[in-house]
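Report on the structure
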Amino acid sequence: MTLSKSRSGAGLALLLLCTANFLDAMDVSTIGVALPAIQAELGMKATSLQWAVSAYVLGYGGFLLLGGRVADVFGHRRVFLWSLAVFAAASIAGGFVDSGPTLIAARLIKGIAAAFTAPAALALLLSVFGEGSARAKALGVFASTGATGFVLGMVLGGAATIFSWRATLVMGAPVAILTLVLAPLALPADQKRTGVRPAFDWAGAMTITPGLLLFVFGITNAAAVGWQAFATWASLAASLVLILLFLAVEARHADPMVPLGIFRRARLRHANAIAALFQGAYVGFQFLATLYYQNVIGWSAFTTGFCFALGGVFVMFLAPRFATIAQNRGAAGLMAAGVGLQALSYVFWVTAFGSVNPILLVILSQILLGLGYALTYPSVQVAALSDVEDDKSGLASGLLFASFQIGGGIVLAAASAVFAAAPQFGWDPYAAGIAFVALLAVAVTLLAAAGPRTSLARPPAHQAAE
């Protein structure tokens, strides 16, 4: 069902959905450059300071599957509006925090709200735009805003920190409130169900949600204090038990939260694997490069954040065009080209740093990286969503966004471990860490090139969800 035959109605809906997507993605990275100012004012210990960033990812990654399923069962627009309202309230509250725990709590609530907003927004986009070029263009714009929000988050955070670190928490609230005011006028109402509402899988929700939370917590904690810490391996062990229990529940449930048959969709499975690994490689590179630019070269937080602006410009302008190509001609080739360019960027960085001018290093690596990200991010979304029906789009979106978040956490922990261990072997820690990222990106390129290349036409709405 489309919202309106007019271009203006669909255009406003797309603008609002993209705005929410931009805010969700931006908040992943926007607070990173404000950490020194936060530590100075709130007196947070270094071991707890990183949770100002990680709490958002913890809530986002841990609740995504639940968010996608709740949107499918209770209505995409209803869930979108309520979760965006919570996001705005938590943003405002963040401006008044007076301690480390209250800051972390505000960030966690924002992450949970984003976990419900993101899959609902993508599902709404699919219902607003019909098949063909209109949907391809809309999906490309949506993908580009998410990628741009993530890539430019540090740039915007650095600019806001000039005024106050609290501005990095509050600056999304006015935009979210304006979106809330306009959304009921532009977004399609949830369809009234003619039959009985599907039974909500509480057993599945109560196993997979804490399972994912513990998994994201364990991975994030490993990046901070190491794999040998009790909190790290105990969280991962408990997560494994809960996820196995979840699979057992879903295999027997009449209306499961996640129908296990969805993982037999080849394009969806492949797209999620690429999403986790390519995003993880980028997050690992961003973390190590940021440390190098500040600790070795001596650049300021704002200058360091601005280093990623060029890549964001590439994503902003090119991702919509690549999404259209992926929709019409297939996504596997574009994904392979995109992660291949990213791998080339990482290889160039690790072989050239220390021997070329740092500004030239940033410019050349960001051109390759931005172009690669612009190719890969929308192609992954097109591939994943081409394999599911509209009534499963919230779930598929949740799976995809969860792959991005969890993949980022896993690879960041691994890259951090390589970085920390490198001096023991006489290696430069930055060269070793980004060399690891580059090798991973090469492997992802081969995986993307070996992906399914069948038609990307979406299955009919009546097709069984297995």
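The structure presented is a predicted model; accordingly, all values stated were derived computationally and were not measured. Every chain's residues receive numbers from 1 upward, in the order its sequence appears when written. With pLDDT at 70 or above as the cut-off, local features in this predicted model cover only qualifying residues; side-chain atom pairs require 80 or more to be listed or tallied, and sums for whole chains, interfaces and linings still use all residues. As a convention, hydrogens and water are excluded, and side-chain values are obtained from all of the structure's heavy atoms.

This brings us to the packing of aromatic side chains. Think of a pair of aromatic rings as described by two things: how far the centres are apart, and how the planes are tilted against each other in angle. Only centres within 6.5 Å qualify two rings of Phe, Tyr or Trp (six-membered ring in Trp) as a pair; their planes then separate them into stacked at under 30 degrees, edge-to-face at over 60, and tilted for everything else. Scanning all chains against the criterion turns up 18 aromatic pairs. Between F278 and F404 the ring centres are 6.0 Å apart and the planes differ by 80 degrees, which places this aromatic pair in the edge-to-face class. One end of the pair, F278, is in helix α12 (residues 266-296); the other, F404, is in helix α17 (residues 393-421), with 126 residues separating them in the sequence. Of the two residues, F278 and F404, neither departs from the other in class, the shared state being buried. In textbook terms, an aromatic cluster arises when at least three aromatic residues are bridged by ring pairs, as seen for F285, Y292, Y293, W299, Y346, W349, F353, F419 and Y430. The ring centre of F87 lies 5.0 Å from the NZ or CZ of K110, which sits over that ring. Strands are runs of DSSP state E lasting at least two residues, helices are runs of H or I lasting at least four, and both sets are numbered from the N terminus onward. Relative accessibility under 20% of the residue-type maximum defines a buried residue, over 50% an exposed one, and the middle range a partly exposed one, all with a 1.4 Å probe and only protein chains included. Throughout this description, the term charge over a ring refers to an Arg CZ or Lys NZ atom that lies within 6 Å of the ring centre and within 35 degrees of the ring normal.

With respect to the element layout, L139 can be found in helix α7 (residues 133-161). For L139 and L125, which are 14 residues apart along the polypeptide, the C-alpha to C-alpha distance reads 7.6 Å. Residue contacts for L139: discarding those within four places in its chain leaves L122, L125, A323, Q327, Q381, V382 and L385. Should any heavy atoms of two residues lie within 4.5 Å, those residues are considered in contact.

This brings us to a nonpolar patch on the surface. Patch membership requires more than 30% relative accessible area and the absence of a salt bridge. Residues of like charge join within 9 Å; the nonpolar side chains Val, Leu, Ile, Met, Phe, Trp and Tyr join within 5 Å. All accessible areas in this document rest on Shrake-Rupley with a 1.4 Å probe, and a residue is counted as covered only by the protein chains that are shown. A pair is scored as a salt bridge if a Lys or Arg side-chain nitrogen falls within 4 Å of a carboxyl oxygen belonging to Asp or Glu. Taken together, the side chains of L310, I359, L360, I363, L364 and I367 make up a nonpolar region of the molecular surface, amounting to roughly 460 Å² of accessible area. Looking at which element gives the most residues to the nonpolar patch, the answer is helix α16 (residues 358-385), with five residues. One can find I367 in helix α16.

For the purposes of this section, nonpolar cores are sets of buried Ala, Val, Leu, Ile, Met, Phe, Trp, Tyr and Cys residues that join through side-chain atoms within 4.5 Å. Counting 124 residues, the largest nonpolar core has F80 and Y346 as the members making the most contacts within it. At 13 residues, the largest contribution of residues to this core is made by α12. Apart from the residues lying within four places of it in its own chain, the contact partners of F80 are L16, L17, A20, T117, A120, A121, L124, A183 and L187. Ranked by size, the runner-up nonpolar core spans 13 residues in total, among them L35, L42, L49 and W165.

With respect to the helices and strands, G95 occurs in the loop between α5 (76-94) and α6 (100-128). Sequence separation between G95 and A114 is 19 residues; the distance between their C-alpha atoms is 18 Å. Aside from chain neighbours lying at most four places away, what touches G95 is R166 and V170.

With that out of the way, let us pick up the side chain of T30. Here T30 lies in the loop between α1 (7-29) and α2 (35-42). Within the local environment of T30, its side chain forms a polar contact with the backbone oxygen of G153, the two atoms lying 3.3 Å apart. Aside from chain neighbours lying at most four places away, what touches T30 is G153, M154, L156, G157, T168 and M171. Contacts described as polar in this section are N or O atom pairs within 3.5 Å, which, within protein, must combine one atom able to donate a hydrogen with one able to accept it, while residues neighboring in sequence count only if both atoms come from side chains.

Applying the stated criterion across every chain yields a total of four salt bridges. Between R107 and D27 there is a salt bridge, and its shortest N-O distance comes to 2.9 Å. In this pair, R107 is assigned in helix α6 and D27 in helix α1, connecting sequence segments 80 residues apart. Accessibility classification places R107 together with D27 in one group, the buried group. For R78, the salt bridge is made with D190, and the minimal N-O distance between the two is 3.8 Å. Highlighted residues: R78 in helix α5 and D190 in the loop between α9 (173-186) and α10 (202-225), separated in sequence by 112 residues. R78 gets classed as partly exposed once you look at its relative accessible area, which sits at 45%. On the accessibility criterion, D190 (24% relative accessible area) is partly exposed.

Before going further, it helps to examine the layout of surface pockets. Reported here for the largest pocket is a volume of approximately 1400 Å³. Throughout, the protein atoms alone are placed on a 1 Å grid, and a set of points is a cavity if a 1.4 Å probe fits but cannot get out or a pocket if it is open with protein on both sides within 12 Å along at least five of seven lines; lining residues have an atom within 4 Å of a point. If you go around the largest pocket, you meet 49 residues; those closest to its centre are G32, L35, V53, F287 and L412. With 11 residues, α17 is the single largest residue contributor to the lining of the largest pocket. Basically, the charged four are Asp, Glu, Lys and Arg, the nonpolar ten are Ala, Val, Leu, Ile, Met, Phe, Trp, Tyr, Cys and Pro, and anything else, Gly included, counts as polar. A class-by-class count of the residues in the lining of the largest pocket yields 30 nonpolar, 18 polar and one charged. Grid points are joined across faces, edges and corners, and a volume is the space filled by probe spheres set on the points.

So, on to helix α18 (residues 429-449). What a helix is expected to span follows from its residue count: subtract one and scale by 1.5 Å. The end-to-end C-alpha distance of α18, which contains 21 residues, comes to 31 Å, matching closely the 30 Å that a straight helix rising 1.5 Å per residue would cover. All of the buried residues in α18 are P429, Y430, A432, G433, I434, V437, A438, L440, A441, V444, T445 and A448. Measuring from the side-chain oxygen of the N-cap residue of α18 to the backbone nitrogen of Y430 gives 2.9 Å; that N-cap residue is D428.

Here we come to the confidence of the model for the protein. Any residue range with low pLDDT should be treated as having predicted coordinates unsuitable for detailed reading. Per-residue confidence for the protein gives a mean pLDDT of 83, with 91% of residues at or over 70. Confidence, read as mean pLDDT per element, is least for helix α3 (residues 46-49) in the protein (65) and greatest for α5 (94). Along the chain, pLDDT gives the predictor's confidence residue by residue, from 0 to 100. Long-range and interchain partners of residues 1-5, a stretch whose pLDDT sits below 50, account for 12 contacts in this model, where long-range means more than four residues apart. A low-confidence stretch, residues 454-466 (pLDDT under 50), is modelled with 37 contacts involving residues beyond four sequence positions or located in other chains.

Within the secondary structure, Q286 is located in helix α12. Judged by its relative accessible area of 8%, Q286 is buried. Each residue touching Q286, except ones within four places of it in the same chain, is listed here: F150, M154 and F308.

What follows concerns α16. Side chains of residues three or four places apart in an α-helix project in the same direction, reflecting 3.6 residues per turn. With 28 residues, α16 should cover 40 Å at 1.5 Å per step; its first-to-last C-alpha distance of 40 Å lies within 8% of that length. Counting buried positions along α16 yields 20 of 28 residues, so the element is predominantly enclosed. A distance of 2.8 Å separates the backbone nitrogen of I359 from a side-chain oxygen at the start of α16, and that oxygen is part of N357.

Attention shifts here to the packing of α6 against α7. A fitted line through C-alpha atoms represents every axis, and for helices the fit uses only the stretch in contact; the resulting angles, taken between N-to-C directions, go from 0 to 180 degrees. At a minimum axis separation of 9 Å, α6 and α7 run at an interaxial angle of 160 degrees. On the basis of the axis angle, α6 is roughly antiparallel to α7. Handedness of the crossing formed by α6 with α7: right-handed. Along its contact with α6, which presents A121, L122, L125, L126 and S127, the element α7 presents R135, A138, L139 and F142. Should an angle lie under 35 degrees it is considered roughly parallel, over 145 roughly antiparallel, and from 65 to 115 roughly perpendicular; all remaining angles are considered oblique. What makes a crossing left-handed is the near helix being turned counterclockwise from the far one by less than a right angle; a clockwise turn instead makes it right-handed.

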